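Spelled out from the first residue to the last, the chains are:
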Amino acid sequence: MLSSFISKFSAKASESNKITTAVIDKAQILEAVKFARDEMKFEILSDIACVDNLNLNKSKRFSLYYIFSSLKGSNFIIQVDLDESESIASVSQIYKSANWAERECYDQYGVKFANHPNLRRILNHKDFIGHPLRKDYPIDKYQILTQSDSLVDEMRDQLLSLGLASEENDEFKIKYTFLNIGPSHPATHGTIRNFMALDGEKIAACVTEIGYLHRGFEKSCETHTYAQIIPYTDRLNYCSAMLNNVGYAKAVEDILGVSIPDRAIFMRVILGELARIIDHEVCLGAMFVDMGALTNYWYLYNPREKIYNFLSRLTGARFTNSFARIGGMAHDFYDGWQSELLGYLKEVEKGIDDTLTLVEKNRIFLDRVQNICKISAEDALSYGFTGPNLRASGVDYDLRKDKPYYYYDSFDFSVPVGSCGDIHDRMFVRFYEMKESIAIIRQAIKRIPDGDICIKDKDIMLPPKSEVYGNIEALINHFKLIFDGIKLPVGHYYGASEGGNGELGFFIVSDGGTMPYRLKLRPPCFYALNAFSDMVRGGLIADSILNLGSINIIAGELDR
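Asker: Looking at this structure, I do not really get the pattern of salt bridges. What am I missing?
Answerer: Opposite charge on two side chains permits pairing when their charged atoms draw close. For the coordinates displayed, the defined rule picks out 42 salt bridges. One salt bridge in this structure joins Asp-398 and Arg-400, with 2.7 Å as the shortest N-O distance. Exposure remark for Asp-398: the relative accessible area of 0% places this residue in the buried category. With relative accessibility at 4%, the residue Arg-400 sits in the buried group. For Asp-452, the salt bridge identified is with Lys-456, shortest N-O distance 3.8 Å. In this structure, a network of salt bridges that share partners links the residues Glu-273, Arg-276, Arg-391, Asp-398, Arg-400, Glu-433 and Glu-498.

Asker: Which parts of the structure should I look at to understand the sheet that holds strand 15 (residues 518-522)?
Answerer: Backbone-to-backbone hydrogen bonds pair the strands of a sheet. The strands run either parallel or antiparallel. With respect to topology, three strands assemble into an open sheet ordered 13-14-15, the strand pairing being antiparallel. Both edges of this open sheet fall to strand 13 (491-498) and strand 15, since each of them pairs with a single strand only. Strand after strand, the sheet turns through a mean of 15 degrees between neighbouring axes, direction not considered. In this sheet, strand 15 lies alongside strand 14 (residues 503-510) in antiparallel orientation, the contact comprising five bridges. Bridging across to strand 15, Ile-508 finds its partner in Leu-519. Strands in contact with helix 8 (residues 241-256) are strand 13, strand 14 and strand 15; relative to strand 14, the strand with the most contacts, it is inclined by about 40 degrees.

Asker: In this structure, what is going on with the pairing of strand 3 (residues 44-52)? I would like to understand it.
Answerer: When a strand is regular, its side chains alternate between the sheet's two faces. Of all nine residues in strand 3, nine are buried; the element is thus mostly enclosed. Strand direction decides the pairing type here: strand 3 and strand 4 (residues 62-69), joined by eight bridges, are antiparallel. Looking across to strand 4, one finds that Cys-50 is bridged to Leu-64.

Asker: When you look at the packing of helix 9 (residues 262-290) against helix 11 (residues 337-359) in this model, what are you seeing that I'm missing?
Answerer: Geometry of a packed helix pair, given as the angle between the helix axes and the separation of the axes. With their axes 13 Å apart at the nearest point, helix 9 and helix 11 run at an angle of 30 degrees to one another. If you check the angle between helix 9 and helix 11, you find them roughly parallel. The interaxial crossing formed by helix 9 with helix 11 has left-handed handedness. Residue-level contacts link Arg-263, Ile-270, Leu-274, Ile-277, Glu-281 and Phe-288 of helix 9 to Trp-337, Leu-341, Leu-345, Val-348, Thr-355 and Val-359 of helix 11.

Asker: Could you clarify how one ought to interpret the sheet that holds strand 4 in this entry?
Answerer: If you trace the five strands from one edge of the open sheet to the other, you get 1-2-5-4-3, paired in mixed fashion. The sheet is open, and its two borders are formed by strand 1 (12-16) and strand 3, each paired with just one other strand. When strand polarity is set aside, the average angle formed by the axes of neighbouring strands in this sheet is 20 degrees. Along the sheet face, helix 2 (residues 29-38) touches strand 2 (19-24), strand 4 and strand 5 (75-82) and points at about 180 degrees away from the line of strand 5. Lying over the sheet, helix 3 (residues 98-109) contacts strand 3 and strand 4, oriented at roughly 10 degrees with respect to strand 3.

Asker: Would you take a moment to explain the environment of Ile-192 for this structure?
Answerer: For Ile-192, the position within the fold is in the loop between strand 8 (177-181) and strand 9 (193-199). Judged by relative accessible area, Ile-192 falls into the buried class, the value being 0%. With 356 residues separating them along the chain, Ile-192 and Leu-548 place their C-alpha atoms 10.0 Å apart.

Asker: Explanation requested: the packing of aromatic side chains in the structure shown.
Answerer: For any two aromatic rings, the description comes down to two numbers: the centre-to-centre distance and the angle of the planes. Counted by the stated rule, this structure contains 33 aromatic pairs. For the pair Phe-62 and Tyr-109, a centre-to-centre distance of 6.2 Å together with 80 degrees between the ring planes defines the contact as edge-to-face. Of this pair, Phe-62 sits in strand 4 while Tyr-109 sits in helix 3, placing them 47 residues apart in sequence. Each member of the pair, Phe-62 as well as Tyr-109, is classed as buried. Measuring from centroid to centroid gives 6.3 Å for Phe-288 and Phe-431, while their planes differ by 45 degrees, and the two rings are tilted. Placement of the pair is Phe-288 in helix 9 and Phe-431 in helix 16 (residues 423-447), with a sequence separation of 143 residues. Accessibility assignment for this pair places Phe-288 and Phe-431 in one class, buried. Taken together, the ring pairs in this structure connect Phe-5, Phe-9, Phe-35, Phe-42, Phe-68, Phe-76 and Tyr-95 into an aromatic cluster. Here the basic side chain of Lys-250 rests over the ring of Tyr-405, its NZ or CZ set 5.0 Å away from the ring centre. Residue placement shows Lys-401 over the ring face of Phe-413; its charged tip is 4.3 Å from the ring centre.

Calculation notes
- Residues numbered from 1 in each chain as written.
- Predicted model: local features only at pLDDT ≥ 70, side-chain atom pairs only at ≥ 80, totals over all residues.
- Heavy atoms only, no water.
- Salt bridge = Lys/Arg side-chain N within 4 Å of Asp/Glu carboxyl O.
- Buried < 20%, exposed > 50% of the residue type's maximum accessible area, 1.4 Å probe, protein only.
- Pairing = 2+ DSSP bridges.
- Helix = DSSP H or I, 4+ residues; strand = E, 2+ residues; numbered from the N terminus.
- Axes fitted to C-alpha atoms, helices over the stretch in contact; angles between N-to-C directions.
- Contact = heavy atoms within 4.5 Å.
- Parallel < 35°, antiparallel > 145°, perpendicular 65-115°, else oblique.
- Left-handed = near helix turned anticlockwise from the far one by under 90°.
- Phe/Tyr/Trp six-rings, centres within 6.5 Å; stacked < 30°, edge-to-face > 60°.
- Lys NZ or Arg CZ within 6 Å of the ring centre and 35° of its normal.

Written out as structure tokens, the structure reads:
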């Protein structure tokens, strides 16, 4: 079907990292995106990455990269170039994930999308002047918001689209009660605001505002070398920092075409699955607190502390570990780590089993979570759901199985899948994923080989400190690599791995220098929150709190 696409749209095709990019004219975008979904069977529009070509040798100011994923594990990119004065058709009617993806491109770059249902800023505040990810926007310039947005205009537009208000009058202001849940609310992580129109206890409409944490991750990456970016990745999904480390390092290594030693691979598997466990424990434990089930919280959180103790002893940091390196790992496991970790896994397993004993057949719990805030498989795919949220809707898709890496295809583990996509399924998929992660770690501990933990490439990996302190060549190598940094070949690349919340992707544009010209994060929970308003509509206020917890929104990853 790829050849049919290229022929049909007279596309210029290129390939990098086994992913084909097809360049088309902007007038073809609607038809091309429909073809990618219906004929090429790319069920998910994973992301839209915008690039400012100001400092590149290109005729058009901007390039848009539409990144598609299929359930078979393949990717495809459509590229469209356009000038600053041009607009392009919105594809949000084809993929619902495009709604927020296009808003982000508009907010950060000023690209306009014709017929978009709600083309407003999404990460930056309403009074922000300019577009911060453009190359001519100074990185040290900041703008303070002096007056918050009431969101009434956006709410009115949503009520109009739902047929719950009319153009002629403002009767909706009388008919509905309006309530802000967040951002200063423990259930919304202090960084998410849900503005709701209530008909009694039921939610008639919901408008979500994000960006309260926005720290400019992607802009900062443009002024740091590839190695210096690793600590920034910790602070994306900070509940599973190691998965961010590993995902980013793997993406860069794939671009460089290097394979890390097997011992380093097994270290990444073990630490990545540990990170997945603590991520799910945070999600589930916090949800139990939200519904008043404090005992379950302690059953999950106390063993989690043991894992943090292990990570702290290994990496020197409890929470944001910065332990992966491009080309390997910071250092090896300490003596006796196997028995210590196996003991902690038993405690985690007991905590899971004790929690399940309390809730699996608990009538009060089941009434709170079953058939609540359901999302179908079709809608979940359209919204760009991946990871546990997508699997809860009955879609068996996991990059560890469908696009295997790091020997995941050689481990014996199952992918838990739900049936109806309600809060219950989103919770229990995570419960059983933790059990599978424990099984993977135990297998990896048995199989981990001896040997190096880093590649031996002086252009990528720093020499050992023992050599730096006593060998002039190693000292020069260390000095040069720190100052010059790692260089990537010219081009654009996309790499993804299975993060705690799903497909964690890094789209990287290199101009051949030591810093990324553009680094775009594909954050799983950004697209999950895009669906939140539709999921809670018609439900109760209390249901919306649990639903937000069940899709596991992590603010550092959400608005970066």
